[in-house]
Amino acid sequence: MKKWLRAALIMAVVGAAATGAYLYFRPSNVSAQATVTTARVTRGTIASYVSAVGNLQAHRSVDLSFGQSGTVQTIDVQLGGEVKAGDVLAELDTTELELQLRSAEVSLKNAQLNLAEAQTPATEAEIATSRAAYESAQATHDDLAAGPSATELAVAQASVASAQAAYNSAVAAANAGDSSLASAAANLEKARLTLQEAQGAYDRVSWRGDVAASSQAAALQTATLDYNTAKASYESTAATSGTDTASKVASALASLRSAQANLADLKNQTTEADLASARAAVLAAQEELDALLAGPDATAVAQAQNSVETAEINLEQVKLQLEGARIVAPFDGVITAVNITVGESASGAAFTLADLSNLEIVVSMAETDVNQIQSGQDVEITLDAVADLTLHGAVSQIAPAGTQSSGVVTYPVTVALTEANEAARAGMTANLNIILAQRENVLTVPNKYVKTAKGQKVVTINTGGTQVQVPVEVGLTDDTHTEIVSGLNEGDTVVSVSTASSGTASTETQTRPGGGMMGGMLGGGMPGGAPPGR
């Protein structure tokens, strides 16, 4: 009975297994085609990068203008011309400025001469001359202040007495020969004395405001007329007398007049005006001498120095204007724009100069990418306008601050070309791949062979005709390949299976280690039973 039950149980299990197998492995009513591709695990170079698009532009580009207004006289370059730093590109008419330059140079020389003169001390000869002038002025003042001495008066009076005696003798001799001449001479002498007395009286009241209407003025006028009349009568009489006698009388009279005038001068007191003039002369001479003895005047030297500095500034200003009247290339480059013509008034930018030997691209990078970018990173560059050309560059600058537009923050990043190519021109559209990391001589597989299963990267390999899914550790990934850090060996064959259906359902090939349900059950056997296949 027990054997029968055991056999029945075995048959039931086998039947159930067969039914399950039939249901599991029965053909589907959907038509399907499986595509299997393989690839080898190889070594190569792989890189990760971020992409951007920009335009080629010159590293340096500047608009050049004249430093001042004027008429364009010469243009020494043309559009597209290459220039070197320091080349003169254009000039204005500088005729008037050149005259201003000459005038400024002369003014500076004069200011320098004045400064040298102010700084030069007086010579011994100049000091001696000044001292002599001072002493002379002082002596003149002292003489005027002291008046005539007794000796001088005595000598002058003696001279008058001697001249008077000589005159009297001449007149007496003449009288002996001609009484008419003697009478004329006596009248002349009397008229002279009267005039002298009238003059003295007038001088004593000359300070009065009404002196012209005084009796002294009337007396002086009458005495003057009488003297002139007596003089004319005497000279007429003398002319008709003996020549020798008349000559002696005239000579004696002249000597007498001279002596009398000298005595009168001594007796006349010095006026306040004379003394004031003498004092002023002394002070002026003293100041001049003191200035020479003191040496160069500090104030005068400072003023002269200021004049020199002012003249130098004026000269520099004119020179700057002359420099502004021409345009000089600040660096080597190419003229990319010419905006002036000869004869027109200069205004605005005359030229645009660009250094086309050093091209660069400025691109805007998203804030999520910019932290991965560093200066010096290599960049691969392609141009829309030039097929099959790859240029190389490097990140040269990363903006420290971003710009925001429509809520999006980007950062300008500058990439400089590290190689020159004639096909690359400013303005061309450039596609950039900024290489963030690169691995060389590493294991790689095409991207489509790497799958994800339960959070783990896996690859299906073909080993001994069997497809086995193995876990792998991946590294860098680019557009086509993935780096395999561990899990595969060089030369392994990786497999990718895809199934395309033509009906209403599709299936995917699955790998079941251990033989699946049936293998699990039949292979295990029942407790106490014989091993499978027995």
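Computed from a predicted model, the values in this text were never measured in an experiment.

Quick notes on the rules
Residues numbered from 1 in each chain as written. Predicted model: local features only at pLDDT ≥ 70, side-chain atom pairs only at ≥ 80, totals over all residues. Heavy atoms only, no water. Helix = DSSP H or I, 4+ residues; strand = E, 2+ residues; numbered from the N terminus. Axes fitted to C-alpha atoms, helices over the stretch in contact; angles between N-to-C directions. Parallel < 35°, antiparallel > 145°, perpendicular 65-115°, else oblique. Left-handed = near helix turned anticlockwise from the far one by under 90°. Contact = heavy atoms within 4.5 Å. Nonpolar A, V, L, I, M, F, W, Y, C, P; charged D, E, K, R; others polar. Buried < 20%, exposed > 50% of the residue type's maximum accessible area, 1.4 Å probe, protein only. Phe/Tyr/Trp six-rings, centres within 6.5 Å; stacked < 30°, edge-to-face > 60°. Lys NZ or Arg CZ within 6 Å of the ring centre and 35° of its normal. Core = buried A, V, L, I, M, F, W, Y, C linked by side-chain atoms within 4.5 Å. Pairing = 2+ DSSP bridges. pLDDT = per-residue confidence, 0-100. Expected span 1.5 Å × (residues − 1). Polar contact = N/O pair within 3.5 Å; in protein donor to acceptor, adjacent residues only side chain to side chain.

### Let's talk about the environment of alanine 291
Along the chain, alanine 291 falls in helix α8 (residues 272-294). Measuring from C-alpha to C-alpha, the distance between alanine 291 and isoleucine 127 comes to 9.6 Å, with 164 residues separating the pair along the chain.

### Brief notes about the packing of helix α3 (residues 124-146) against α8
In the contact formed by α3 and α8, the axes pass within 8 Å of each other and the chain directions differ by 160 degrees. Accordingly, the angle class assigned to the pair α3 and α8 is roughly antiparallel. The way α3 lies across α8 gives a crossing that is left-handed. Of the residues in α8, those touching α3 at Glu126, Ile127, Ser130, Arg131, Ala133, Tyr134, Ala137, Gln138, His141, Leu144 and Ala145 are Asp274, Leu275, Ala278, Arg279, Ala281, Val282, Ala285, Gln286, Glu288, Leu289, Leu292 and Leu293. Residue composition of the contact of α3 with α8, by class: 14 nonpolar, four polar and five charged.

### Let's talk about the environment of glutamine 317
Looking at the element boundaries, glutamine 317 is found in helix α9 (residues 298-324). Judged by its relative accessible area of 44%, glutamine 317 is partly exposed. Sequence separation between glutamine 317 and leucine 101 is 216 residues, and the spatial gap between their C-alpha atoms is 9.2 Å.

### Observations concerning the packing of aromatic side chains
Summed over all chains, the structure comprises zero aromatic pairs. One residue, arginine 60, lies across the ring of phenylalanine 331, its end atom 4.2 Å from the ring centre.

### Quick notes on the nonpolar core
Core analysis: the biggest nonpolar cluster contains 27 residues, and Tyr167, Val171, Leu188, Tyr234 and Val249 have the highest contact counts within it. Of all the secondary structure elements, the ones that give two or more residues to this core are α4 (150-177), α5 (179-204), α6 (215-240) and α7 (243-267). Ranked by the residues each element gives to this core, the list is headed by α5, at eight residues. Those residues in contact with valine 171, other than ones at most four positions away along the chain, are Ala182, Ala185 and Val249. Listed in part, the 23 residues of the second largest apolar core include Met365, Leu383, Leu391 and Val413.

### A few points about the sheet that holds strand β7 (residues 326-328)
Read from one edge to the other, the open sheet built from three strands follows the order β4-β6-β7, with strand pairing classed as antiparallel. Either end of the sheet is taken by a strand with one partner, and the two such strands are β4 (72-75) and β7. Sheet twist, expressed as the average angle between the axes of neighbouring strands with direction ignored, equals 15 degrees. As paired elements, β4 and strand β6 (residues 88-92) share three bridges and run antiparallel to each other. Among the inter-strand pairings, valine 72 is bridged to a residue of β6, identified as leucine 92.

### Observations regarding the confidence of the model for the chain
On average, residues of the chain carry a pLDDT of 82, and 84% of them reach 70 or more. Note that pLDDT drops below 50 for residues 12-31; the model gives that stretch 11 contacts with residues more than four away or on any other chain. In the predicted structure, residues 503-534 sits below a pLDDT of 50 and forms 21 contacts with residues beyond four places in sequence or in another chain.

### Description of unusual backbone geometry
Peptide bonds are trans in most cases, and residues, glycine excluded, mostly fall at negative phi. Within the chain, serine 406 stands out as a residue other than glycine whose phi angle is a positive 55 degrees. Topologically, serine 406 is positioned in the loop between β13 (403-405) and β14 (408-417). The class for serine 406 is exposed, based on a relative accessible area of 75%. The phi dihedral of asparagine 441 is positive, around 55 degrees, even though this residue is not glycine. Take asparagine 441: it is sitting in strand β15 (residues 429-446).

### Some words on α9
Taking 1.5 Å of rise per residue, 27 residues should cover 39 Å, and α9 covers 39 Å from first to last C-alpha, within 8% of that figure. Every buried residue of α9 is listed here: Val301, Ala304, Val308, Ala311, Leu315, Val318 and Gly324. Close packing links the buried residues of α9 with α2 (95-119) and β7. Backbone nitrogen of threonine 299 and a side-chain oxygen of the N-cap are separated by 3.3 Å at the start of α9; the cap is aspartate 297.

### Comments concerning the pairing of strand β2 (residues 42-58)
A regular strand carries its side chains on alternate faces of the sheet. As paired strands, β2 and β15 are joined by 13 bridges and run antiparallel to one another. Counterpart to alanine 52 in the pairing with β15 is leucine 432. Pairing geometry for β2 and strand β10 (residues 359-366), over three bridges, is antiparallel. The residue of β10 that forms the bridge with leucine 56 is isoleucine 361.

### Details of the sheet that holds strand β9 (residues 351-354)
The four strands are arranged β3-β9-β8-β5 in an open sheet whose pairing can be described as antiparallel. Lying at the two open borders of the sheet, with one neighbouring strand each, are β3 (61-64) and β5 (82-83). Across four bridges, the pairing between strand β8 (residues 333-338) and β9 is antiparallel. Its bridge partner being in β9, isoleucine 335 is matched across the sheet by leucine 353.

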